[in-house]
Amino acid sequence: MAVVTGSDPVAVLIVDDDPVVRFGLSMMLRGADGLTVVAEAGDGAEGVALAERHRPDVVLMDIRMPGTDGLTATETLRRRPGAPQVVVLTTFDADAHVLRALRAGAAGFLLKDTPPDELVLAVRHAAAGRPVLSPEVTRRLIDRVAETDRDSTRAAARRRLERLAERERTIALDLGAGRSNAEIAARHHISVATVKTHVSAILTKLDLNNRVQVALLVHDAGLSPPV
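Every residue gets a number counted from 1 within its own chain, in the order that chain's sequence is written. For this predicted model, a pLDDT threshold of at least 70 governs which residues receive local features, and a threshold of 80 or more governs which side-chain atom pairs are given and counted, while totals over whole chains, interfaces and linings are taken from all residues. In computing side-chain properties, one takes all heavy atoms of the structure into account and sets aside hydrogens as well as water.

Below, the discussion takes up helix H10 (residues 192-206). Numbering of helices and strands runs from the N terminus; a helix is a DSSP stretch of H or I covering at least four residues, while a strand is a stretch of E covering at least two. Residue count minus one, scaled by 1.5 Å, sets the expected span of a helix. If you check H10, its first and last C-alpha atoms are 21 Å apart, about what 15 residues at 1.5 Å a residue would give, namely 21 Å. Of the positions making up H10, those classed as buried are Val195, His198, Val199, Ile202, Leu203 and Leu206. Take H10 and look down its axis: the buried residues cluster within an arc of 135°, on one side only. In H10, the exposed residues that point more than 90 degrees away from the buried face are Ala193, Lys196, Thr197 and Thr204. Phi turns positive one or two residues past the end of H10, at Asp207, with a value near 55°. Only protein chains enter the calculation, and the probe is 1.4 Å; a residue is then buried if its accessible area is under 20% of its type maximum, exposed if over 50%, and partly exposed in between. This arc corresponds to the set of directions leading from the helix axis out to the C-beta atoms.

Right, dumping it as structure tokens:
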């Protein structure tokens, strides 16, 4: 998982089939300190190829594109070693494709009319490995997407969470509630460093990329932490 921690500029790849959207995003990002747009692509296949060539830190990925769509491209990128962080772009905040992209390991999503300052901040958050959406937005997105296999999904999610040790499972539920590392540490009277160790173990055992995926799994399981 590619996470930027140094002082080098954050390298961004823009993937969108609309040249006007690409131009607008590029203009906004090129004017921000510490960011550089390394390439632009018009579809998912080109985006994957350019990501291989330029090794961006963050990919802004449209979902609906002709040819290889953004969802397929996101899944392809996130399976690769040293994968860039992917932030999906959408005109809707409750789109089943967005939810699937989050499950595939996307760092979050942005609406295409996101103000420039929020866009820049979101890219920086993604580069640092932080989710690009609030817990409230995550819950609203999940709640508004209809799932036809809710019962089987819940059973599968609960079986998966059974891989975790008791303390790890408790912290996973806290992640599902959108709590920060500091809040979890205070809640369980442990250090933030210990929380980070548990979170890392949770991601490894569940074969997940980030906290958003843990939250989605906890939601699928229909579980919540004790008050």
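And the narrative resumes.
Moving on: the environment of Glu52. Locating Glu52 in the fold gives a position in helix H2 (residues 44-54). Assessed through its relative accessible area of 39%, Glu52 is described here as partly exposed. Taking the C-alpha atoms as reference points, Glu52 and Pro84, 32 residues apart in sequence, are found 9.9 Å from one another. Polar contacts involving the side chain of Glu52 include one to the side chain of Arg55, which spans 3.1 Å. A polar contact of 3.0 Å, which involves the side chain of Glu52, links it to the side chain of Arg80. N or O atoms within 3.5 Å of each other form a polar contact, as long as, within protein, one can give a hydrogen and the other can take it, and as long as residues adjacent in sequence are counted only when both atoms are side-chain atoms.

Attention now goes to the side chain of Asp220. As for its position among the elements, Asp220 is in helix H11 (residues 211-221). We classify Asp220 as buried; its relative accessible area is 11%. One polar contact links Asp220 to Arg103, side chain to side chain, over a distance of 2.7 Å.

On to helix H3 (residues 70-78). Three or four residues apart is the spacing at which side chains of an α-helix point the same way, because the helix has 3.6 residues per turn. The element H3 is extensively covered by neighbouring structure, given that 7 of its 9 residues are classed as buried. Among the residues of H3, Gly70, Leu71, Ala73, Thr74, Thr76, Leu77 and Arg78 are the ones counted as buried. Buried residues belonging to H3 abut H2, strand E3 (58-62), strand E4 (85-90) and helix H4 (96-103). Two or three places before Leu71, at the opening of H3, Asp69 has a side-chain oxygen 3.2 Å from that residue's backbone nitrogen. Contacts are assigned to residue pairs that have any heavy atoms within 4.5 Å of one another.

What follows is about the pattern of salt bridges. Counted as salt bridges are all cases of a side-chain nitrogen of Lys or Arg within 4 Å of a carboxyl oxygen of Asp or Glu. Evaluated as defined, the whole model comprises 10 salt bridges. Lys205 is the partner of Glu168 in a salt bridge, and the nearest nitrogen-oxygen pair spans 2.8 Å. Taken together, the residues span a long stretch of sequence, with Glu168 in helix H8 (residues 166-176) and Lys205 in helix H10 at a distance of 37 residues. The exposure class of Lys205 is partly exposed, given its relative accessible area of 36%. Linking Arg179 and Asp174 is a salt bridge whose minimum nitrogen-to-oxygen distance equals 2.7 Å. By sharing partners, the salt bridges in this structure join Asp16, Asp62 and Lys112 into a single network.

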